[in-house]
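One-letter residues, chain by chain:
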Amino acid sequence: MFFDKTTLKNRLKSMEFIYLRLNAILDKLEIDLKDRTVFEFGSGWFPTMPYFFKYKFKARKVEAFDVNQHFKRKTVLEFNTIFSKKDNCNIEDGAKNKYGLPNYIEYFPNFDLVLQDIPIADIVFSRFVLFHMKEIDVIGFCDKIINQYNKGTYVIHFISPSDLVQHNDNTISQQEFLKYSKLEW
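Residues numbered from 1 in each chain as written. Predicted model: local features only at pLDDT ≥ 70, side-chain atom pairs only at ≥ 80, totals over all residues. Heavy atoms only, no water.

Q: Please explain helix α2 (residues 48-56) as it appears in this structure.
A: Helical geometry note: an α-helix holds 3.6 residues per turn, so side chains three or four residues apart project in the same direction. The buried fraction of α2 amounts to eight of the nine residues, a majority that puts the element mostly inside the structure. Taken residue by residue, α2 has T48, M49, P50, Y51, F52, F53, K54 and Y55 as its buried positions. Positive backbone phi, at 65°, marks K58, one or two positions downstream of α2. (Buried < 20%, exposed > 50% of the residue type's maximum accessible area, 1.4 Å probe, protein only. Helix = DSSP H or I, 4+ residues; strand = E, 2+ residues; numbered from the N terminus.)

Written out as C-alpha coordinates, the structure is:
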(Lines give C-alpha, C1' and ligand atoms only; values in the text may rest on other atoms or scores of the structure.)
Protein backbone atom coordinates (compact mmCIF):
# COMPACT_ATOMS: atom_id res chain seq x y z
CA MET A 1 0.00 0.00 0.00
CA PHE A 2 1.30 3.46 -0.86
CA PHE A 3 1.04 6.41 1.53
CA ASP A 4 2.15 9.89 0.52
CA LYS A 5 3.89 12.25 2.95
CA THR A 6 0.67 14.13 3.67
CA THR A 7 -0.90 10.88 4.76
CA LEU A 8 2.11 10.10 6.92
CA LYS A 9 1.76 13.50 8.60
CA ASN A 10 -1.95 12.88 9.10
CA ARG A 11 -1.30 9.42 10.49
CA LEU A 12 1.20 10.81 12.95
CA LYS A 13 -1.22 13.55 13.97
CA SER A 14 -4.05 11.05 14.44
CA MET A 15 -1.86 8.97 16.75
CA GLU A 16 -1.06 11.91 19.01
CA PHE A 17 -4.38 11.38 20.79
CA ILE A 18 -3.28 7.87 21.74
CA TYR A 19 0.04 9.21 23.01
CA LEU A 20 -1.68 11.94 25.03
CA ARG A 21 -4.20 9.49 26.48
CA LEU A 22 -1.47 7.01 27.39
CA ASN A 23 0.61 9.83 28.91
CA ALA A 24 -2.35 10.89 31.08
CA ILE A 25 -2.87 7.30 32.28
CA LEU A 26 0.81 6.83 33.07
CA ASP A 27 0.94 10.17 34.91
CA LYS A 28 -2.15 9.33 36.95
CA LEU A 29 -0.70 5.95 37.92
CA GLU A 30 2.77 7.46 38.44
CA ILE A 31 4.40 5.08 35.95
CA ASP A 32 7.64 6.22 34.34
CA LEU A 33 8.71 4.43 31.14
CA LYS A 34 12.19 5.94 31.08
CA ASP A 35 14.85 3.26 30.54
CA ARG A 36 12.23 0.50 30.37
CA THR A 37 11.71 -2.14 27.69
CA VAL A 38 8.41 -2.11 25.79
CA PHE A 39 6.78 -5.04 23.98
CA GLU A 40 4.24 -3.62 21.54
CA PHE A 41 2.06 -5.81 19.37
CA GLY A 42 -0.16 -4.79 16.52
CA SER A 43 2.12 -2.05 15.24
CA GLY A 44 0.13 -1.44 12.09
CA TRP A 45 1.46 0.41 9.05
CA PHE A 46 3.86 2.82 10.79
CA PRO A 47 6.14 2.71 13.84
CA THR A 48 4.28 5.57 15.50
CA MET A 49 3.83 4.12 18.99
CA PRO A 50 7.37 2.67 19.10
CA TYR A 51 8.68 6.17 18.31
CA PHE A 52 6.49 7.72 21.00
CA PHE A 53 7.80 5.14 23.47
CA LYS A 54 11.43 5.75 22.50
CA TYR A 55 11.53 9.50 21.91
CA LYS A 56 8.78 10.89 24.14
CA PHE A 57 8.64 8.39 27.01
CA LYS A 58 12.40 7.69 26.77
CA ALA A 59 12.06 3.89 26.80
CA ARG A 60 15.37 2.06 26.55
CA LYS A 61 14.18 -0.43 23.94
CA VAL A 62 10.99 -1.11 21.98
CA GLU A 63 10.20 -4.44 20.37
CA ALA A 64 7.29 -4.13 17.94
CA PHE A 65 5.48 -7.28 16.81
CA ASP A 66 2.76 -7.78 14.23
CA VAL A 67 0.95 -10.72 12.71
CA ASN A 68 1.48 -9.09 9.29
CA GLN A 69 4.40 -7.32 7.65
CA HIS A 70 3.30 -3.73 7.17
CA PHE A 71 6.49 -1.69 7.54
CA LYS A 72 8.24 -0.73 4.32
CA ARG A 73 11.74 0.72 4.40
CA LYS A 74 10.99 3.69 2.13
CA THR A 75 7.91 4.64 4.12
CA VAL A 76 9.71 4.29 7.47
CA LEU A 77 12.57 6.49 6.24
CA GLU A 78 10.05 9.16 5.19
CA PHE A 79 8.30 8.75 8.53
CA ASN A 80 11.64 9.22 10.32
CA THR A 81 12.05 12.62 8.66
CA ILE A 82 8.51 13.73 9.49
CA PHE A 83 8.69 12.53 13.10
CA SER A 84 12.11 14.03 13.76
CA LYS A 85 11.06 17.45 12.40
CA LYS A 86 7.73 17.48 14.22
CA ASP A 87 9.09 16.31 17.55
CA ASN A 88 12.49 17.96 17.26
CA CYS A 89 14.44 14.80 17.92
CA ASN A 90 17.41 13.13 16.31
CA ILE A 91 16.44 9.75 14.92
CA GLU A 92 19.54 7.68 14.48
CA ASP A 93 20.30 6.59 10.94
CA GLY A 94 18.50 3.33 10.27
CA ALA A 95 20.69 2.53 7.27
CA LYS A 96 21.71 -0.85 8.67
CA ASN A 97 18.17 -1.81 9.64
CA LYS A 98 16.09 -3.67 7.05
CA TYR A 99 13.12 -1.39 7.73
CA GLY A 100 15.02 1.86 8.31
CA LEU A 101 14.24 1.83 12.03
CA PRO A 102 16.55 3.53 14.50
CA ASN A 103 18.62 1.70 17.09
CA TYR A 104 16.69 0.26 20.02
CA ILE A 105 13.51 -0.19 18.01
CA GLU A 106 13.11 -3.66 16.53
CA TYR A 107 10.32 -4.96 14.31
CA PHE A 108 9.14 -8.58 14.19
CA PRO A 109 6.53 -9.11 11.47
CA ASN A 110 4.62 -12.31 10.72
CA PHE A 111 4.58 -13.13 14.42
CA ASP A 112 2.11 -15.50 16.09
CA LEU A 113 1.57 -14.46 19.71
CA VAL A 114 0.16 -17.84 20.64
CA LEU A 115 2.63 -20.20 18.95
CA GLN A 116 5.84 -18.19 19.37
CA ASP A 117 7.63 -17.09 22.54
CA ILE A 118 6.89 -13.53 23.58
CA PRO A 119 9.71 -11.31 24.84
CA ILE A 120 10.14 -10.40 28.46
CA ALA A 121 9.57 -6.66 28.90
CA ASP A 122 8.63 -4.07 31.50
CA ILE A 123 5.62 -2.85 29.51
CA VAL A 124 3.22 -4.79 27.26
CA PHE A 125 1.20 -2.52 24.97
CA SER A 126 -1.40 -2.99 22.26
CA ARG A 127 -3.61 -0.51 20.46
CA PHE A 128 -6.89 -1.62 18.88
CA VAL A 129 -5.55 -5.07 18.06
CA LEU A 130 -7.43 -7.50 20.31
CA PHE A 131 -10.50 -7.45 18.05
CA HIS A 132 -8.40 -8.72 15.18
CA MET A 133 -7.60 -11.86 17.18
CA LYS A 134 -9.70 -14.96 17.76
CA GLU A 135 -11.10 -15.20 21.27
CA ILE A 136 -9.10 -18.36 21.99
CA ASP A 137 -5.90 -16.56 20.93
CA VAL A 138 -6.63 -13.59 23.20
CA ILE A 139 -7.15 -16.02 26.10
CA GLY A 140 -3.92 -17.86 25.22
CA PHE A 141 -2.01 -14.61 25.01
CA CYS A 142 -3.36 -13.41 28.35
CA ASP A 143 -2.39 -16.77 29.90
CA LYS A 144 1.15 -16.25 28.58
CA ILE A 145 1.29 -12.81 30.15
CA ILE A 146 0.10 -14.14 33.50
CA ASN A 147 2.52 -17.07 33.49
CA GLN A 148 5.63 -15.49 31.93
CA TYR A 149 5.79 -11.95 33.23
CA ASN A 150 6.98 -10.92 36.66
CA LYS A 151 4.94 -8.93 39.12
CA GLY A 152 5.44 -5.27 38.30
CA THR A 153 5.08 -5.67 34.54
CA TYR A 154 2.53 -3.19 33.19
CA VAL A 155 0.04 -4.46 30.61
CA ILE A 156 -1.85 -1.79 28.68
CA HIS A 157 -4.42 -2.60 26.00
CA PHE A 158 -6.31 0.17 24.23
CA ILE A 159 -9.62 -0.95 22.78
CA SER A 160 -12.06 0.93 20.58
CA PRO A 161 -15.65 0.27 19.61
CA SER A 162 -14.96 1.77 16.20
CA ASP A 163 -12.34 -0.91 15.56
CA LEU A 164 -14.88 -3.63 16.31
CA VAL A 165 -17.46 -2.03 14.07
CA GLN A 166 -15.00 -1.48 11.22
CA HIS A 167 -13.54 -4.97 11.21
CA ASN A 168 -15.92 -7.45 12.75
CA ASP A 169 -19.50 -6.61 13.56
CA ASN A 170 -21.43 -3.66 12.20
CA THR A 171 -24.51 -4.54 14.29
CA ILE A 172 -22.87 -3.16 17.45
CA SER A 173 -23.38 0.48 18.26
CA GLN A 174 -20.90 2.49 20.29
CA GLN A 175 -23.48 2.71 23.06
CA GLU A 176 -23.70 -1.10 23.31
CA PHE A 177 -19.95 -1.70 23.19
CA LEU A 178 -18.88 -4.08 25.99
CA LYS A 179 -22.37 -3.91 27.48
CA TYR A 180 -23.35 -7.52 27.01
CA SER A 181 -21.70 -10.86 27.68
CA LYS A 182 -21.46 -13.49 24.94
CA LEU A 183 -24.51 -15.24 26.43
CA GLU A 184 -26.61 -12.07 26.40
CA TRP A 185 -25.56 -11.16 22.88
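Q: Looking at this structure, how should I read unusual backbone geometry?
A: Phi is mostly negative for residues that are not glycine, and the peptide bonds are mostly trans. At D35, a residue that is not glycine, the phi angle is positive and equals roughly 65°. Tracing the chain through its elements places D35 in the loop between α1 (5-28) and β1 (37-41). On the basis of relative accessibility, which here comes to 51%, the residue D35 falls in the exposed class. Despite not being glycine, K58 shows a phi value in the positive range, around 65°. Along the chain, K58 turns up in the loop between α2 and β2 (61-65). Look at K58 and you get partly exposed, because its relative accessible area is 46%.

Q: How do you make sense of the pairing of β2 when you look at a structure like this?
A: Across a regular strand the side chains alternate sides, sitting on one face of the sheet and then on the other. Counted residue by residue, β2 has four buried out of five residues, so it is predominantly covered. Note that the unit made of β1, α2 and β2 has a crossover that is right-handed. Across four bridges, the pairing between β2 and strand β3 (residues 105-108) is parallel. Along β3, the bridge assignment pairs V62 with I105. (Right-handed = clockwise from strand over helix to strand, strands pointing away. Pairing = 2+ DSSP bridges.)

Q: When you look at helix α3 (residues 73-86) in this model, what are you seeing that I'm missing?
A: Under the 1.5 Å per step criterion, the end-to-end length of α3 is 20 Å for 14 residues, consistent within 8% with the ideal 20 Å. Residues of α3 that are buried: T75, V76, F79, N80, I82, F83 and S84. At the exit of α3 stands N88, carrying a positive phi of roughly 50°. (Expected span 1.5 Å × (residues − 1).)

Q: Before we go on, may I ask you to explain the nonpolar core in this structure?
A: Nonpolar side chains in soluble globular proteins tend to end up buried together. Residues L22, M49, Y51, F53, F83, L101 and F125 are the most contacted members of the largest nonpolar core, which totals 35 residues. The set of elements that each furnish at least two residues to this core consists of α1, α2, β2, α3, β3, β4 (123-127) and β5 (154-158). The element best represented in this core is α1, accounting for seven residues. In this structure, F83 is in contact with L12, Y51, F52, Y55, N88, C89 and I91, ignoring residues within four places of it in sequence. The next biggest cluster of nonpolar side chains, apart from the first, holds 15 residues, and it includes I118, V129, V138 and Y149. (Core = buried A, V, L, I, M, F, W, Y, C linked by side-chain atoms within 4.5 Å. Contact = heavy atoms within 4.5 Å.)

Read these as geometric descriptors, not functional statements.
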